[in-house]
Each structure stands twice: as structure tokens, then as C-alpha cells.
Amino acid sequence: MTTRPLLLTGGHLLDPSIGLDGTGDLLLVDGVVAAVGGSIAGPADAIRVDCSGRHVTPGFIDVHCHLREPGREDVETIATGARAAAAGGFTAVCAMPNTDPVTDNQAAVGFIRAQAAKADASRVYPIGAISVGMNGDRLSEMGEMVAAGAVAVSDDGRPVVSAQLMRTALEYARTFGIPVADHCEEPTLAHGGVMNEGIISARLGLKGIPSESEEIMVIRDILLARRTGGRVHLCHMSTWGSVELIRWGKERGIPVTAEVCPHHLTLTEDRVGQYDTNAKMNPPLRTQRDVDALVAALKDGTIDCVATDHAPHHNDEKNREFADAPNGIVGLETALSVLMTWLVAPGTITLSQLVEKMSCAPARVFGLAGGTLRRGAIADVTVLDAAAAWTVQGSDFRSKGRNSPWLGSTLRGRVDRCIVGGRQVHVRDGLA
Ligand SMILES: [Zn+2]
Ligand SMILES: [Zn+2]
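Residues numbered from 1 in each chain as written. Chains lettered and ligands numbered in written order. Predicted model: local features only at pLDDT ≥ 70, side-chain atom pairs only at ≥ 80, totals over all residues. Heavy atoms only, no water.

Asks: Looking at this model, I keep getting lost on the coordination of the zinc ion (ligand 1). Mind explaining?
Replies: Around a metal, the perfect tetrahedron of four donors has angles of 109.5 degrees, and the perfect octahedron of six donors has angles of 90 or 180 degrees. Looking at the metal site, the zinc ion (ligand 1) is ligated by D156 (OD), H183 (ND1) and H236 (NE2), spaced 2.0 to 2.1 Å from it. The two metals, the zinc ion (ligand 1) and the zinc ion (ligand 2), are separated by 3.6 Å and share D156 as a common coordinating residue. Here D156 is found in the loop between β9 (153-154) and α4 (163-176), whereas its partner H183 is found in the loop between β10 (180-182) and α5 (187-190), with 27 residues between them in sequence. Comparing D156 with H183, the two get one shared label, buried. (Donors = N, O, S within 2.8 Å, 3.2 Å for Na, K, Ca; no water. Helix = DSSP H or I, 4+ residues; strand = E, 2+ residues; numbered from the N terminus. Buried < 20%, exposed > 50% of the residue type's maximum accessible area, 1.4 Å probe, protein only.)

This is the structure we're talking about:
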């Protein structure tokens, strides 16, 4: 399929990977960045898009989301997830393998790639399971899955209980050059918990999950990364203690990276006081002290990147009593705006730093194309309106999921366009 060249004119080009921060044009030809910066004439047949008053950034990359297909196509499909990603400015997402059946073999990885190609929206990179069936006892065929296009392995949703299995997984992953994405949860401590353990859980009479449930696995797997040289990527960090342990590991040159979710950067366990099941996630929302430490860790590089942990659920399942409701919220379509509202607007971080955390760093950590507007790079680009204010309405979501704690909130900053391989796969309603 041939695509006409795309010329984005007069936008504020923002790309920390090449130190770009100023007005200029961007030309995308044949799926790559052909020219960047200054005034570009462009070929006669180019589609021209006026981006004045808008920011033009490398496309966002989400290294952690749940697309539910195969198995729960009623909740999300690879196609609806890829469209939700595009609407949120994500030109690429990594799909976790806790589907039904589990993505633990070459054919399953190939299926996800085929569905993503058909969807014709954002790129979807499969993550393969660490263990067969995510049962935690036998390693899956990592090499075959990598050959089929898996970019990492993870048993996300379930901790790898066996330290020996995790050690072997890190050793194998090292030979394939991929990270092991780690769901850090010590199950005997977390057992039966539905929120953060503390004063509020005691008052509400809900069973708590202590911070140590996460931190024990964080330090165990940092030590195993030290032992093996394999790369451990710590998912959805939620506690100040985890931050200190990651800092300890990085100071010693241990190959550890980490991600944090928008909800853990902005919400606390106080939200559970309303028994809102959209405040129920795993790991749970923690305290203000944790939030402050996570924000500081994002700023100083202890935590490498932002990931959504987009986890759509059916309303009927979320509309249960708090203790019985499933964990997780949708996040692809609100991530940018939530972080612009809570972190960029108050001046805690700059928009350029946010682009680093949502695009450049995820590309680096997972070894993916994109994350830069450098000439010759793949033409994955996000155009956003930093000044826009909008109210989150579930009916506007491309995702099938409506389980968001931000429904009804007015947020700052909005994605206008998502460009994948030089083609606009999402243009906000009302724009030409
Ligand atoms: Zn997880
Ligand atoms: Zn997850």
C-alpha cells in the first residue's frame, strides 16, 4: 500500500531524544521521517496538516497493556485496543500475555500480530508468557516466541513464585536480548488483600496488601538480575520502598528498569473510601508519601517510564461489591491528559520530560523502533493540543472498557492526531 507523504507544518516540535524544542515542519515519506525542523517545502502530492498551536512529538509507546483477545473479546479486542491506543496518542503498545489461552507459544504470538495488522491502527507488540500457561512451573518457548515477534516475556497478573524459575527466565531472556517484565507480588503476603494495608483499610474493614508484598519481589528480582545479568523490568511500581530498592540496584549497575502508571502517580488510597471499584487495582493505590516518591523517581530517572496497565473490564463485573470486583482500570485514552493535568500543568515536570517518559524511554527499555523524530526513524508521531480542556466521558472511548476513575473529570491536554508509519490512524473528531 502506498501512502502519500505527510507534511506537518508550523507545529512545536518536541523531542528530547534529539534535543528538539521549537517551531518547525516535519515531513514523513514512505513510513519514515524524511525531514525535520525549519521550513520544509515538501513534495507536491503531500498531505499538508497545519499544526500551528500544537505540539508534535514522537509517538507514545505503552509497554504494558491488556487487550483481552483471545478469550474476552466482549471486553476488548486487539482492534479496539489498538484504536484506543491511537486515540490516546500511543503509536505502539505491548500486549500482556494473560489472555485465554495464554500467549505462551509461537502461534499465539503470530495470532496477535496478525490481528493487529488487520486492525490497521497502532502497532501492537506481543509479550510472551514466562511460563507455560502462566502456571509458574515450566518455562515457555522463549526463543520461538521472540522469533515470532515477542518483545519481552512476562507472567503479568501473576507473580513468578519460584525464584529458581525467575532466575532461569532471566538467563534465557539475556540470550535473546529481551527484558523480563516483572509483576512484583509476594502472594502469601498479598493474599486476599483488596486495597493498600493501612489505617484506611482497617477503618473500612477491607483486607489490605502491605507494601512489602511488592518490595520483597522487587529486591529478589534485582538480586537475580545481578546474579544472571538478565534484564528485569519492574512493572507498575507503587511504593516508596520500591523506589529506594531500584535506586540501590541502579547505583550498582544492575540491569533493572521500571515503570509507573498514571494512577499511581496521581491517586491515593483515599479514593477507596468511596468504595469506587474504579479505585481498585493491583498493586493498589497507596499513600501520598508513595505518590510523592514515585513522582520524584520519575523525575530523577530512578523510574524509567510511564506505562498504562490498561485493563478493561465489563461494567457488570466492576459493579460488584468492592471486595469482589476485578482489579484494574482502562488507561490508554486518558494517560497523557492525566499526567499533563497533575504533573505538567502544576510545573512538576515539563512536557518534554513527559514525552521522554512516554515515548523515548519506553522505546529504549524495550528495544523498539520509534521514540524519536530523528531523520530516517519510523514515522510514528503524536500531535497534541496542550491547551485543550475536555471532560472524560466513557461513551467517547474507543476502548470497550469504561472502568476509569476519571469519568466526569475535566483534564488538560488532548491528543489531536496519531500517525503510524506516516499515516494518520486517528484524527480527533471535528478536525480536518
Ligand atoms: Zn501486573
Ligand atoms: Zn498488567
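Asks: Is there a simple way to explain the pairing of strand β2 (residues 20-29) in this structure?
Replies: Strand residues, when the strand is regular, have side chains that alternate between the two faces of the sheet. As defined by bridge partners, strand β1 (residues 6-15) adjoins β2 across eight bridges and the pair is classed as antiparallel. Following the sheet pairing, D15 is matched in β2 by L20. Linking β1 back to β2 in an antiparallel pair, the connection comprises four residues, with G19 at a positive phi of about 65 degrees. Bridge count for β2 against strand β3 (residues 32-36) is four bridges, and the pairing is antiparallel. Among the inter-strand pairings, L28 is bridged to a residue of β3, identified as V33. The antiparallel hairpin formed by β2 and β3 contains two residues in its connecting segment, where D30 sits at a positive phi of about 55 degrees. (Pairing = 2+ DSSP bridges.)

Asks: Just to check I follow, could you spell out the coordination of the zinc ion (ligand 2) for this structure?
Replies: Distances from the zinc ion (ligand 2) to its protein donors, namely H64 (NE2), H66 (NE2), D156 (OD) and D309 (OD), fall within the range 2.1 to 2.2 Å. Each of the four donor atoms around the zinc ion (ligand 2) contributes to a set of angles spanning 85 to 169 degrees, which defines the coordination as irregular. All donors of the zinc ion (ligand 2) come from a single chain, and their spacing in sequence reads H-x1-H-x89-D-x152-D. (Tetrahedral: all angles 85-135°; square planar, octahedral: opposite > 155°, others 65-115°.)

Asks: In this structure, what is going on with the side chain of D416? I would like to understand it.
Replies: Secondary-structure assignment places D416 in strand β17 (residues 410-420). Separated by 2.5 Å, the side chains of D416 and R54 make a polar contact. Residues contacting D416, with those up to four places away along its chain left out, are R54, V383, L384, D385, H426, V427, R428 and L431. (Polar contact = N/O pair within 3.5 Å; in protein donor to acceptor, adjacent residues only side chain to side chain. Contact = heavy atoms within 4.5 Å.)

Asks: Would you mind showing me how to read the side chain of H426 here?
Replies: Relative to the helices and strands, H426 resides in strand β18 (residues 423-427). Apart from the residues lying within four places of it in its own chain, the contact partners of H426 are A86, A87, R398, D416, R417 and C418.

Asks: I would appreciate a short explanation of the environment of P16 in the present structure.
Replies: Locating P16 in the fold gives a position in the loop between β1 and β2. Sequence separation between P16 and V272 is 256 residues; the distance between their C-alpha atoms is 37 Å. For P16, the contacting residues outside a window of four places in its chain are S352, V355, E356 and C360.

Asks: Any chance you could explain the packing of aromatic side chains here in plain terms?
Replies: One pair of aromatic rings is described through two measures. These are the centre distance and the angle between the planes. If you walk through the whole model with that rule in mind, you get two aromatic pairs. With a centroid separation of 6.0 Å and 70 degrees between ring planes, the pair formed by F60 and F90 is classed as edge-to-face. You can see F60 sitting in strand β6 (residues 60-65) and its partner F90 sitting in strand β7 (residues 90-95), a full 30 residues away along the chain. In this structure, F60 and F90 share a single accessibility class: buried. Taking 6.5 Å as the distance between ring centres and 50 degrees as the angle between the ring planes, the aromatic pair formed by W342 and W406 counts as tilted. Of the two residues, W342 sits in helix α12 (residues 335-344) while W406 sits in the loop between β16 (381-391) and β17, which places them 64 residues apart along the sequence. According to the relative accessible area criterion, W406 is buried, its value standing at 2%. The ring of F322 carries the charged tip of K280 above its face, separated from the ring centre by 5.8 Å. Directly above the ring of W240 sits R289, whose terminal nitrogen or CZ lies 3.6 Å from the centroid. (Phe/Tyr/Trp six-rings, centres within 6.5 Å; stacked < 30°, edge-to-face > 60°. Lys NZ or Arg CZ within 6 Å of the ring centre and 35° of its normal.)

Any functional reading would require information beyond the geometric quantities listed.
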